[in-house]
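# Structural overview for review
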Amino acid sequence: RQHGRKCCGRGITWRKTVCNPMQRAKTQHRGNGNGISCSPMDRHSPNPRQLYHSERNQDLQLSFNPYTLEGVLHRYYHFGVDMDPFYQRGYVWEQTDKELLIDSIFSNIKIGEIVFVKRDHTEVQASGCLYEIVDGKQRLDAIRGYYENRYPYQGLYFNDLSAKDRHVFLERVVPIADLVRPDKETLLRCFLMLNRAGKHMDPEHLKAVEELLKECD
């Protein structure tokens, strides 16, 4: 179905958000030039998200900021997101996986963080995309797929939803981090750290990325 079809007003079951993650305290972030940064909140957090557990990565942290799904989709459609950079795997989620993600969104269940690279001007000119996906490719693909009416959830395509349910979907908040013009080594180390624990990640693909990382030494 084509996006833009008139809504028929039917609704789905969803849970009301208890709190608004957007209302968290503002912090001042200090970056090191490639998108890895440390904030006062990170330093006092009992479990900051660090990259790797080896010595050369213990000092690295990612700073996440809350984005609505509408903001994430705006980034994808208006600024461009490369979904297939050289280190990424293919699309591996089944339809069931995608529908479970949409169910989590409407049930107010956390769907995890998404990490992007923000490219420099030369790369943007060559690719037409300001961003590339580092972590969250399968989730972002499922979100855009539902938004584009590629598949239904509970028998309803996105354009079949009531205005209220569309609002609930688009206003759901997800943590986003940007690596700003990282070098190849930093990028690959981040990818490996963020994806080692993923249950869907193929060990052979991780091994291939490790070989790419060795070439940076």
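Below or above, wherever it landed, is the structure these notes cover. Numbering of residues starts from 1 in every chain and runs along the sequence as written. Only residues with pLDDT of 70 or above have their local features reported here, since the model is predicted, and side-chain atom pairs are shown and tallied only from 80 upward, although totals for entire chains, interfaces and linings are computed over all residues. In computing side-chain values, all of the structure's heavy atoms are included and hydrogens and water are not.

### Section: the sheet that holds strand 4 (residues 81-82)
Going by this rule: In this analysis, strands are considered paired if DSSP registers two or more bridges between them. Counting from the N terminus, the helices are the DSSP runs of H or I reaching at least four residues and the strands are the DSSP runs of E reaching at least two. By definition, residues are in contact when any of their heavy atoms lie within 4.5 Å. Comment: axis = line fitted to C-alpha atoms, over the contacting stretch for helices; angle = value between 0 and 180 degrees taken between N-to-C directions.
Taken in spatial order, the 5 strands of this open sheet run 3-7-5-6-4, and their pairing is mixed. The outermost strands of the open sheet, each flanked by one partner alone, are strand 3 (65-68) and strand 4. By the bridge criterion, 2 bridges tie strand 4 to strand 6 (residues 131-135) in an arrangement that is parallel. Bridging from a neighbouring strand, Val 81 pairs with Tyr 131 of strand 6. Taken strand by strand, helix 2 (residues 69-79) contacts strand 3, strand 4, strand 5 (114-118), strand 6 and strand 7 (173-180), and its axis lies near 80° from that of strand 3. Where helix 5 (residues 137-147) meets the sheet, its contacts fall on strand 4, strand 5 and strand 6, and the angle it forms with strand 6 comes to roughly 120°.

### With respect to the environment of Val 81
For Val 81, the position within the fold is in strand 4. In the structure, Val 81 is positioned 35 residues away from Phe 116 in sequence and 8.4 Å away in space, judged by C-alpha atoms.

### Let's talk about helix 7 (residues 184-195)
Two residues of an α-helix separated by three or four positions point the same way, owing to the 3.6 residues in each turn. The test is simple: Between the first and last residue of a helix there are one fewer steps than residues, each counted as 1.5 Å, and that sum is the expected span. With a 1.4 Å probe rolled over the protein chains alone, any residue whose accessible area is under 20% of its type maximum counts as buried; one over 50% counts as exposed, and the rest are partly exposed.
Given a rise of 1.5 Å per residue, 12 residues ought to cover 16 Å, and the 17 Å separating the end C-alpha atoms of helix 7 matches this to within 8%. Across the 12 residues of helix 7, 10 count as buried, placing the element largely inside the fold. Thr 186, Leu 187, Leu 188, Arg 189, Cys 190, Phe 191, Leu 192, Met 193, Leu 194 and Asn 195 are the residues of helix 7 that are buried.

### Here we look at the packing of aromatic side chains
Definition in use: Only Phe, Tyr and Trp rings take part, Trp by its six-membered ring, and two of them pair if their centres are within 6.5 Å. Stacked means planes under 30 degrees apart, edge-to-face means over 60, and tilted covers everything else. Whether a charge sits over a ring depends on NZ of Lys or CZ of Arg being within 6 Å of the ring centre and within 35 degrees of the ring normal.
Inspection of the entire model under this criterion finds 12 aromatic pairs. On the basis of an interplanar angle of 85° and a centroid distance of 4.9 Å, the ring pair of Tyr 76 and Tyr 77 is categorised as edge-to-face. Residue Tyr 76 is classed as buried on the basis of its relative accessible area of 17%. Measuring from ring centre to ring centre gives 5.6 Å for Phe 106 and Tyr 153, while their planes differ by 5°; the resulting arrangement is stacked. Taken as a pair, Phe 106 in helix 3 (residues 95-106) and Tyr 153 in the loop between helix 5 and helix 6 (163-171) lie far apart in primary sequence, 47 residues in all. You can call Phe 106 buried: its relative accessible area is 0%. For Tyr 153, a relative accessible area of 6% gives the class buried. Here the aromatic cluster, defined as three or more aromatic residues joined through ring pairs, consists of Tyr 76, Tyr 77, Phe 106, Tyr 146, Tyr 147, Tyr 151, Tyr 153, Phe 158 and Phe 169. The ring of Phe 116 has Arg 75 lying over it, and the distance from NZ or CZ to the ring centre is 4.8 Å. Here the guanidinium or amino end of Lys 137 rests over the ring plane of Tyr 91, the centre of that ring lying 4.3 Å away.

### A few points about the environment of Val 117
Mapped onto the secondary structure, Val 117 falls in strand 5. For Val 117, a relative accessible area of 4% gives the class buried. Separated by 13 residues in the primary sequence, Val 117 and Leu 130 place their C-alpha atoms 8.3 Å from one another. Every residue in contact with Val 117, bar those within four places of it in the chain, is listed here: Tyr 87, Leu 130, Tyr 131, Glu 132, Val 134, Leu 179, Pro 182 and Leu 187.

### Here's the deal with the packing of helix 3 against helix 5
Rules: Each angle gets one of four labels, with under 35 degrees taken as roughly parallel, over 145 as roughly antiparallel, 65 to 115 as roughly perpendicular, and the rest as oblique. By the convention adopted, Pro, Cys, Tyr, Trp, Phe, Met, Ile, Leu, Val and Ala count as nonpolar, Lys, Arg, Asp and Glu as charged, and the other residues, Gly among them, as polar.
One way to put it is that helix 3 packs onto helix 5 with a least axis distance of 9 Å and a crossing angle of 80°. Considered as vectors, helix 3 and helix 5 are oriented roughly perpendicular to each other. Counted together, Lys 98, Leu 101, Ile 102, Ile 105 and Phe 106 of helix 3 and Arg 139, Asp 141, Ala 142, Ile 143 and Tyr 146 of helix 5 form the full contact between these two elements. Taken together, the residues that form the contact of helix 3 with helix 5 break down as 7 nonpolar, no polar and 3 charged.

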